[in-house]
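# Residue-level structure breakdown
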Amino acid sequence: MRKYSAISVYAHTLFKNITILKKCNSNKDLCKEVLEFLLKHKEFSISKQADLHIELAKVFESQYKQLDVAANIILNGLKDDNMTELGRQMLSKRAVMYANRKVRKLNNELKNELLSVASKSEKQPPSTTINGQIISIKEKGSSGRKQVYSKKTENGDLLYMSVEELAISHYKSQGFMNGLHDEGQLIKSMFLLCFWEIIYGSYAPHVLFISPYQDCPLDWRTRHFYKIREQQIKDRMAELKQMNVDQICDMLKKCCDEYYDTQSVVNWKYMNVDNLPLCRTLLECVGIEVFLAIGDQILKDGRIYLHGMPDLVVWDVFKHKCIFVEVKGPNDKLSERQYSWLLKLMEFGANVEVCHVVGTGGKNNNCQTSSQTCENIS
């Protein structure tokens, strides 16, 4: 219940406005003081600890020109036993950056200590690069420009598409005729539906549901969720491991028939009876072991891993092969959360790839109604 307290809301509001506080000219110490306050009361910003350490280090590095203080802030974060895996990864990246500074170098003792506690990962997800003709379209009533890509079909038609749709068309040409741009929504919803009774039926409704507008129990996306249901989750995982694809799909159909469109953690846009054939082929290509490993990671640490899955999932039903693809347009970089998910998927035995799109061209065209001039590919 702590996250619903006044001080938690206050802490969340302060954190969301750090960027604005950095620009405060009337009190140049305000941002530093707020970050130090939030770190002092860490129980109200548990999931933001790495971000708070990094933001405070940035303030000392850029505003106060005190790199040694900034480095010690990162060091303290890395030494925190309660720091999450993703948080340690984020802090390690900045620790290595500080240690390798060529200008305003750290003293050797501090540099060596940073490198000794920083997490070391030499794994890099495989990548591919494709080209696309950029067309910048200014939509009617919009002040900004939306970047789209054009592609000619074999019959000479010109298609306009997003960077993700361009990537899907590339993988289709490689034999992956099935593809979704859903950031893992389908596969997550499939897994969560298999655990419906555990998510919603573990305790009496009045214990973890205090409002009719809740779509999940109060402890959802916290570490406590897994801990207090650990045995139930392990039992269901063991049950699913003994099933084949047909049996899991039968379970999904039964749950869809019973719970469809109920306000919940399941995304019914993707997880519905009409999409069961898609679920079947996806599960065959992903493999039950990888499917369960993904879901188990989400249940264990939903605050971090419920989001950030790769943009696309593409699969070849004939070769029973599936790839999780993170698409990056020009000047776009992997976030720490995205990188962490790719490493996790590789650890689970899944195929992953980062698809870099290199844009050419960039003419400005007016497009009042996209349906009049553009054809989307699915």
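Numbering of residues begins from 1 in every chain and follows the order in which that chain's sequence is written. Given that this is a predicted model, residues contribute local features only at a pLDDT of at least 70 and side-chain atom pairs are listed and counted only at 80 or more, while totals for whole chains, interfaces and linings are drawn from all residues. Just so you know, side-chain values use all the structure's heavy atoms and leave hydrogens and water out.

Named according to an unreviewed UniProt entry, the protein is Fanconi-associated nuclease originating from Acyrthosiphon pisum. UniProt positions are given in the numbering used here, feature names are shortened, and annotations may be inferred rather than shown by experiment. According to its UniProt record, the protein has this under Sequence similarities (unreviewed entry): "Belongs to the FAN1 family." The annotation that UniProt attaches to the protein under Function (unreviewed entry) is "Nuclease required for the repair of DNA interstrand cross-links (ICL). Acts as a 5'-3' exonuclease that anchors at a cut end of DNA and cleaves DNA successively at every third nucleotide, allowing to excise an ICL from one strand through flanking incisions."

Secondary structure elements follow DSSP: runs of H or I no shorter than four residues count as helices, runs of E no shorter than two count as strands, and numbering proceeds from the N terminus. When you go through the protein residue by residue, the secondary structure sums to 19 helices and seven strands. Projected onto the principal axes, the alpha-carbon positions of the protein cover approximately 60 × 60 × 45 Å. Counting all 378 residues of the protein, 48% fall into the buried class. Within the protein, contacts between residues separated by at least 24 positions form 67% of all contacts whose residues are at least 6 apart in sequence. Roughly 20,500 Å² of accessible area belongs to the protein as shown, and the carbon and sulfur atoms make up 48% of that amount. If the 51 positive side-chain charges of the protein are averaged to one point and the 45 negative ones to another, these points end up 7 Å apart. The cut-offs for exposure are 20% and 50% of the maximum accessible area for each residue type, with area from a 1.4 Å probe on protein chains only; residues under the lower value are buried, those over the upper are exposed, and the others partly exposed. In this description, contact between two residues means that some pair of their heavy atoms is separated by no more than 4.5 Å. Surface exposure here means Shrake-Rupley accessible area, sampled with a 1.4 Å probe, where a residue is shielded only by the protein chains that are shown. Charge counting treats Lys and Arg as positive and Asp and Glu as negative, with His and both chain ends excluded. We put the charge of a Lys on NZ, of an Arg on CZ, of an Asp on CG and of a Glu on CD.

Here we come to the layout of surface pockets. The probe, sized like a water molecule, is rolled over the atoms to show the empty space still left. In this structure, the largest pocket spans a volume of roughly 1,500 Å³. Think of a 1 Å grid over just the protein atoms. A cavity is a set of points where a 1.4 Å probe fits yet cannot get out, a pocket is an open set with protein on both sides within 12 Å along at least five of seven lines, and lining residues have an atom within 4 Å of a point. Lining the largest pocket are 44 residues, and of these Ile46, Ser47, Arg221, Thr222 and Arg303 lie nearest its centre. Counting residues per element, the ones that place at least two in the lining of the largest pocket are helix 1 (6–16), helix 4 (49–63), helix 6 (85–99), helix 12 (223–228), helix 17 (302–305) and helix 18 (336–348). Sort the elements by how many residues they give to the lining of the largest pocket and helix 1 lands first, with four residues. Grid points are joined across faces, edges and corners, and a volume is the space filled by probe spheres set on the points.

Next up on the list: the UniProt feature "domain: VRR-NUC" (unreviewed entry) in the protein. Under the present numbering, the feature "domain: VRR-NUC" (unreviewed entry) in UniProt falls on residues 257–359. As annotated, residues 257–359 has a helix share of 43% and a strand share of 21%, and its two end C-alpha atoms lie 45 Å apart.

Its location among the elements puts Thr153 in the loop between strand 2 (146–152) and strand 3 (158–161). Within 3.5 Å is the distance limit for a polar contact, defined as a pair of N or O atoms, with the added protein rule that one can donate a hydrogen and the other accept it, and that residues adjacent in sequence qualify only through two side-chain atoms. A distance of 2.3 Å separates polar atoms of two side chains, one belonging to Thr153 and the other to Asn155.

Here the focus is the packing of aromatic side chains. Any two rings among Phe, Tyr and Trp, with Trp reduced to its six-membered ring, count as a pair given centres within 6.5 Å; such a pair is stacked if its planes are under 30 degrees apart, edge-to-face if over 60, and tilted if neither. Counted under the stated rule, the structure contains twelve aromatic pairs. Taken together, a centroid distance of 5.3 Å and an interplanar angle of 35 degrees make the contact between Phe60 and Tyr64 tilted. The buried category is assigned to Phe60, whose relative accessible area is 10%. A relative accessible area of 23% means that Tyr64 is categorised as partly exposed. Of the aromatic side chains, those joined through ring pairs into one cluster are Trp196, Tyr200, Phe209, Tyr259, Tyr260 and Trp268.

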